[in-house]
Every structure is written in structure tokens, then in C-alpha cells.
Amino acid sequence: MNSHLKLKVMDVEICYGSYKALSRVEFEVSPGEFIALLGPNGAGKTTLLKTIARILKPRKGVIYLNGKNIMEMNDREYAKITGYLPQINDMSTPMRVFEVVSMGRKPYVTWQLTKEDINKIWSAMKTTEVDYLAFRSISEVSGGERQRVMIARILAQEPKVLLLDEPVTHLDLKYQRDILKLIRKVTRERKLITITSLHDINLAFRFADKVILMKKGLIYAIGKPEEVLVPENIREVFEVNAILANNPRPFIVIEDDTEGD
Amino acid sequence: MKINATPFFSFKRILLISSLFLAIIPVSFLSIAIGAYNLPISDVVKCLLNPHGENPAIIAYTIVWFYRIPRTIGALITGAVLAVAGALIQGITRNPLASPFTLGVSSAASFGAGLVIIAGVKLALLPQVFLQTPEGYMIITLAAFTICFLHTLLILTLLFIKGFSPESIVLAGIAMAYMYSAGITFLEYFAGESSLKEYIFWIMGDLTRVNWGKIYFLLATLLITILAVYLFAWDLNALSLGDDVAKSLGVDPRKLRFKVAFMASLTTATVISITGPIPFICIMAPHIARLIIGSDNRYLLPTSIAIGSILLTISDIIARTALKPIELPVGAVTNALGASFFISMYMSIKKGKVMSI
Amino acid sequence: MLKMKLVAITVSMVLIAIIAYFAGYYTSYIPMPVSMPRPQQIGISKFKVVYPITIVDSAGRNVTIEKEPQRVVVVSSTHEMVLLALGIGNRTVGASDTVIQDPIFMALLQKRDIVNIGKFSSPSAEAIISANPDLVIFYASFYKRVYDEVAAKLPPTVKVVYFDLYKISTMFEEIYKLGLIFNKVDKALELISKWSSRFTYIVGKATEIMPSSRVRTFFEGYTELAAAGPGSGWHQILTLAGGTNIFGDIPQPYPKISPESVIERNPDVIIKVTAAFNPCVDNSTKPLENLYNTIISRPGWKSISAVANNRVYVYTTKYLDGPGYVIQLALVAKLLYPNIFKDINIDQWILDWLKDMGLAEPEKVCKLSWVYPSIPSG
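Residues numbered from 1 in each chain as written. Chains lettered and ligands numbered in written order. Predicted model: local features only at pLDDT ≥ 70, side-chain atom pairs only at ≥ 80, totals over all residues.

**Student:** Residue-level account of the pairing of strand β4 (residues 60-65) of chain A, with values.
**Tutor:** Residues and elements named next belong to chain A. Direction of pairing for strand β1 (residues 7-16) relative to β4: antiparallel, over a ladder of five bridges. In the strand pairing of β4, Glu13 is matched with Lys60. Judged from the two bridges that link them, β4 and strand β5 (residues 68-69) form a sheet pairing that is antiparallel. Across the sheet, Leu65 pairs through a bridge with Lys68, a residue of β5. (Pairing = 2+ DSSP bridges. Helix = DSSP H or I, 4+ residues; strand = E, 2+ residues; numbered from the N terminus.)

Structure follows, in C-alpha cells:
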């Protein structure tokens, strides 16, 4: 199996009952690319991530990884390739941090964790700076720490494709920056594909190589951040007025409405 | 934390588990030594060391080998099977208070037994005196197991169609339990006096029903249970991170829940068809195990085996010595233990934390 | 304890005899129509009851019976048997399910339209009313609250009496009172004298047995390994018959005991009762045999004195209630002391009782034995 994968999403459609959550979604991602998924709530970001993670099955369309249809891969194989981090992480019974991260090795393990597995778990925890929490219970750590633990889990899984659903939305500014920086670094170094949904447009500006802007289940625009995140698109999709500023880097300022205050 | 901490961490746990398993030995010995017939310990030891005793007519041998040992083995195995089944169901429903009984297995078994004990006699299909013979007893066991089996198939098929969410599992179990309750009430109302008494004794759960012939079934069930531990521990850990995450780790939640529920229900059905439904071990043992060793199923499930065995064997010892020579049904003791256990758990709830390690 | 019981029983026997004598004396002095000489007819009552009469039932209630009851509802087969023995079974219009489902009773009652009033523990007031009775007989010593509620729903024209008829200490007195109620005093006295004399005979002989030679017995009740403890009817039978209950020290009527403790206490005789076998209806004694085999093959029981000496018996209590209780007593006495009670013929007594109830040629109907294995001849 090639170590670098190309992702190709072709004409994907997902329906919940009669409601079309995604339609005619199509794009390609090359290895080493950090993709930001943007759009208002209900645009279909989570749905798209879940589809690529094979949690949802498309009614129409195919997704290819290196030319192979992902639906034809077996569960274990796919789990070694794709890591998914959902928006909400509720754990029924609290385990210790080390155990949570070690779950990332599940696709590789039959019963016993090998020395290699353990090394990878520790390095993942070090990468997200949660190694000092290893033997604490996950219910006792802060929200930010918990998120970093989850990211460590994904890293321990050593996937080729990272699918992250709003991984930094509830974190402190420092962690927002540090984690995205880390993910981008890892993506570039290991030539992974990362697709992250974000709520903050400016973070996308800062860290993403490409942006996919979604509205109502359709891809509204796709391309480099400065190409996609122009005021016209923002107005269309988010229904607010915005100005592009540049100090020292490009960022978006949301304007007030003329009415009201 | 250094890397070397990891082996130490799991070493500590392995040590804990081993000592728990070792504790089974003195508990079993106690169970063999204590009973209504007072046997001096030296005699007990002699009997144990000499399985094909010189003279089978000597009463100590008979008591040890035909009353105490089958009963003890029965308690150990039943406790183990029930404990693991409880832990498995708790894993797939993400509810630390669930058990196979939540799926309705005990109601089904009781109903099956009731059909034979009450309806079979009432409709003159079986002479009542037959039920007190060993063959009659086997029929009760078979009926209970058959109803359990059919019930398991039915409920799992229904759930599979509906997607097997944790909530649907609990709901389905409750619905079926009410259905059986209706059937059982109906039977109880029309039962003759002595049928009713027999029936009530049966549903209290009783380990004296285990004899050497039945131990083979129990052993088979134990082996299946151990197999289940090996097969499902990692998958259940993945499941506890959430259905979506589990899927991304390569686990199909629906299929897993089906397989686990099926195995847990069947192993439980087998043991309770023989002994009658014994309450609370399914919930208490995994709980205690979780408090000792944490929620990682790789350790939790084996620990549940040890704790379940010990707990049930001790309950059985209490059941037969509390009111010597009256034999209490072991279910009465586990009920009492369960009640006090949960009361003490309730008392120790700290604000905000319910079940932390 | 036992002595006091015997004294109480003997005293009540004497009292009953006195009352009976005086009642007869009195009623025979009630003026009769002068012109009619009293013909010597068999079957006509010598003692004629004049209504209304007031009796005190076993629940302590004063009940006034205005006229001779013709339509009776009973709540158990024990009550039904006494009515049959008094010759008024044909007045039964309603009975519990155990009576209705018994083919022998139905044959004796000539299979008339008898209303099924439900289980004895929860009879249906509506069913009772639909049978249009003038008298209802309930148990006095249990389910009284249930019966009270049912009685409250019955119209005032229906008289309700509470009699146990299964307790030896009150049974004969109750039979006498029923005799008064139904104007069957002579039949009642006949019944009483026959069975109470037999009772006294057995008990009297039993008290002569030296404590050291009393037989230690394990008495197993209907449910598996349920011993008969003090407070249960069988403990009483056992004690009256002169036996010692090996579980007499346990203060509960039906404790479930461990088979090990029977081995430990090593009884000389084991008796097991069942209610499920009907010698007049079933076609073989296999059920009793099966129970017997189950008992003797319990592990380790071979070493029990009773099993080793072939003194294990299983008997059915079918029809042995009411005055039939005396037969149970005799049976147990004979099983325990075959020599001392050599002269009692249990089979004969059973046939006698069945004849009392009105069964013609009972030896042809009830061909099977009540006991397995057969009673030792002594």
C-alpha cells in the first residue's frame, strides 16, 4: 500500500430521509494538504466528514483513496488509514488517559499491546503534551486537555487521512493556535491528508492550504483561502458583511449591521 | 511519567487480578468445609485429597463429593458467567446498571419454568409428583432454556432491525419483561397451592440444583464466557468512546452489540435455567471490579470473573449457614447483599461525580 | 405440651358428649302433634331440630339459622366431604374449583349444576350469589379477611358460617354444630362418635409409648425438602401418633432444610406426603413410586437408618381430611409402630370413610393404595 494517499470525492449525495444533507459534492485532496471545511451550522460539514470516515453511506457517488473505492475496503484496513475525531466526545465509563490514547492502536492489535505500540502511544501523548496526564482519569482533566488527549489518540492511530470535526472550537486561544499548528506540521511532515471543520474563519486563513466552503449541503467554493474567503462569498454563505484586512497577515473582520447599534 | 511506568502500571493490575483469582481457593475451600452436616476440617481435607475414596459409603465422602463440591463448582461458574455477562451488557448499553436481566432473560426463564411447573401440571400434561424427580427437574431446565433462547432470538432480531442503539436495547428489554410479567401473573393466579410454592422456590434461585451431570453444561458455558472475554474486550473499549469513534477504529457497533448481546444472553440463560434466576451478581460484580481495576475491559472482564465467583460462593455459604439447617435460597442472600451494596453506593455519591474510577 | 393438648382434647370430647346427650334430651321434649305416634322408621331423625336456632361458629360469631338450609355453598373439599358424610351433599349448589375438578365428588354429587366459585383463597362473591344459596361455609382460621369481604357483599338472606373442619381440636364440635344447622344431628353424632372414638384409641395408645422408644421421624411436606415443623398439621399428626419430629426444634411450620441435615439427624422413619395422587382416579401408583425412588436415591441417604431399614413411605392425603384426618393419624401411627397398631386396618378405615361420604362400593372405585410401599403388617 502506498504510504501517501490521494483522496478523491466524486459526486457524493447523502440523504436523511428526504432531506438532502450533501449533494453533488466533489473534490480532490493531495497528500500533505491541510483542508479547512467551513460553513454555517447545517451546511453539511459533519456529514461530509462522517461520509469520508465511512460512518455514513452515500446514496450516490463514490469516494476513492488512491483509486480504490473506500466502500470496498475492509473495516480493519480502513481503520488503519482513516482517523475520525467527532465534535462531541462522550465517554460512558471513564478510562485513564493512557487507555484512551491506546485505543488508537486498536486496528493494529489483537490482545496484547506490543512494545512498539506502547512507544507510539507515548510519542503521540508527548506530541500533544498530555504525557504528564497519562494515568489520570479522563473525567478529571480539563476540556482542553481532554481534546488534546483525543488528538493524541488519533495520532497514535497513525492514519493517512485525518478527519477532525471542530477540534478546537472550545479551546483556549493558545491551544487553538498550537494544536492547529501541530496538526499542520504533522500533515506536512508525514504527507497526510487532513480535513478539519472549523468555525473560525481566521484560523482557516492562517493554517489551511485549501478551504472548502459549504452551504446547504453543496460546495459553494473550493480553493486557496484568499481565493475562497472573499467578502462576497462570506456574505452569500454566512449572511454577514466582512472586510478583508491585512495586518500583518490576511484576516477577516466581520462588520456590524448598519441597523441597530 | 516515564515510559517505564507503563509496564509497572499493567503489572500492578495483573498482580491485583492474580491475587483475586488466588482468593478463589480459600473461598472454595470454605464452601466445601461448611454445611449443615458438621464435618471436621481434617475429614474434609482427607476427602479432597482422595477423590476415589476407599469406601464410598462413608458419609463424609458422600457429603463432600455429592453435595458440597458440585454446589461450590456451580457457585463459582455461575458467578463468573453472570458477572461477565453483566459487564458485557453494561459495555454495549453504556449503562453501568444494565445486565442481561435488563434484556428480559430472567423473566423468560421464569416464564418457561412456570409453564412447566404450573401450566404443565394444571393441564395434566405432567403429574405434579414427577416434577420433584431429577427427570422432572431436567424438564423445567429445558423449558426455561428454550423460552430464553426463543426470547433472545426474538429480541435480538427486533433490535437488529431497529439499529441496536443502547436506548432501544433497554426499552425492548423492559417491554418484554412486562409481557412476561403479565404471563407469569396469569399463571400464578391459576396455580394450585403446591404448584405455586414450587414455582416461587424456583424463581428464587438455588444452587442445590447443581449436580455432577449439570456441571458439564456449566463448564461449557464458562469456556464460552472466557472466549467472549478474549473476543470482545478491545471492541467494547472502542465502543465506549462512542459509536462514531468505534466505527472509525474499525468496529461495527451494530454487529458488535448483536454478537455480545447474543453471547451474554445465551450464557446467562444456560446457567439460570439450571439454578433459577439469581439477582444482582450481574450488576454488583462488574461494579466492584470497576472500582478495583478500572473500566478497561481487558482487565475488567477477567476481574469480573474472579469477583463474580467469589461473591456468589460467599452468598451461597451464607445461604446455607445463616439459619442452619434451614436452606435459604441463594437469591435471597444476593438480593440482600445487592440492596446494601447499592445503599452504600448511594450514600457515597459525591456531588457531581457518580461513577468515577 | 403434648400432655396439655391431650387433656384439652379429652375434655372437649367429654363436653361434647354431655352437650349431645342433653341436646337430645331437650329436643325430644318439644311437643309433637298428639295424634301421630312416632313410627319406627329408619332414617327419620330421632332428634329433630326446631328452627330458628342460634349457634356460635368457629370465628366466634353468633349466627341464627331461620330454617333448614337447602342450598349450600362450600369453599373447600374438606367442607364438602363433611357435608357428604352428613348425607346432605346433594344440597351443594356452589363449590370451589378443587371440588368441581374432582371426579369422585362430582359423581357423589350426581354431577348437578354446581357453580364454580373460584379458588378457596379468593372466592367470587358474584359466583356465590348466582348460585342462590341460603348458607355459605367458609374457613375460620385463614383468609378470614377475604371471606369477610365476600360475606359483606352477600344479601342478608344468605347465612354465612365459619368452620375449619381440618383442625382436630375443633372438628368434632364443628360437625355437631353443622348437624344442628342442617337438622342432621343423629348423623353428626354417629360420625363424631365413630371417628372420635378411633381418634381417642390411637392417641391413647400412643401416649403409652415410652419416650425412649419413640420413633424419630423425618416428615417431608408437599414441596421438595420442606420439613414439617411445629405449627404445621403434620407435626401435630406426628406428635399425636407418638413420634418425634427430628426437626421439631425449628420454629417454622415449613422450613426448607438441607439434605445434609437429614443425614446428620438420622431419622428411623421417613414419611413424604403428596396431594397430587388420586387413588380413585389415577391408573397406577407410579407417581408415588417415583417420589419414593427420588427420596432414597438422594446422595448419602443410603446411610440413613430409615432408608437402610426400608422404613421410607410416601402417602397421598387425598380425601383424608375432615374426619379422614383420623385415618392419616392412624396411618402414621401404624407406619411408626406397626406392632402396637397391628389391629388397625387402614384400608378398611379408608373404605369406611368413603362409604360414609356416600360412595357405594368404594373398593371397586378406589383400587389403588394410598401408601407406597405397602404398610407394614406388624
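Right, picking up where we left off after that structure.
**Student:** I'd like to hear about helix α4 (residues 115-127) of chain A, residue by residue, with values.
**Tutor:** All names here are of chain A. In this model α4 runs 18 Å from its N-terminal to its C-terminal C-alpha over 13 residues, within 8% of the 18 Å that 1.5 Å per residue would give. For α4, the full list of buried residues reads Lys120, Ile121, Trp122, Ala124 and Met125. The elements touched by buried residues of α4 are α3 (97-102) and α5 (143-157). (Expected span 1.5 Å × (residues − 1). Buried ≥ 20, exposed ≤ 12 C-beta atoms within 10 Å, placed from the backbone. Contact = placed C-beta atoms within 7 Å.)

**Student:** Help me get a handle on the interface of chain B and chain A, residues and values and all.
**Tutor:** The partner chain A presents 34 residues to the 26 residues of chain B that form the contact. Sorting the residues of the side of chain B that touches chain A by element identifies α1 (5-33), α8 (212-239) and α9 (243-248) of chain B as the ones contributing at least two each. Of the residues that constitute the side of chain B that touches chain A, the class distribution is twelve nonpolar, nine polar and five charged. (Nonpolar A, V, L, I, M, F, W, Y, C, P; charged D, E, K, R; others polar.)

**Student:** Can you break down the sheet that holds strand β11 (residues 244-245) of chain C residue by residue, with the values?
**Tutor:** All names here are of chain C. Overall, mixed pairing links the five strands, which are arranged β11-β10-β12-β13-β14 in an open sheet. Each edge of the open sheet carries a strand with a single partner, namely β11 and β14 (371-372). Set on the sheet, helix α11 (residues 286-296) makes contact with β12 (269-274), β13 (312-316) and β14; between it and β13 the angle comes to about 145°. Sitting on the sheet, helix α13 (residues 324-336) touches β10 (216-220), β12, β13 and β14, and the angle it makes with β12 is about 155°. (Axes fitted to C-alpha atoms, helices over the stretch in contact; angles between N-to-C directions.)

**Student:** Explain the confidence of the model for chain C to me, and be specific about the residues and the numbers.
**Tutor:** Residues and elements named next belong to chain C. Across chain C, the average pLDDT comes to 87, with 92% of residues at 70 or higher. Confidence drops under a pLDDT of 50 for residues 27-44, and excluding neighbours within four residues, the segment shows six contacts in the predicted structure. The complex prediction reports pTM at 0.83, with the ipTM value standing at 0.83. (pLDDT = per-residue confidence, 0-100.)

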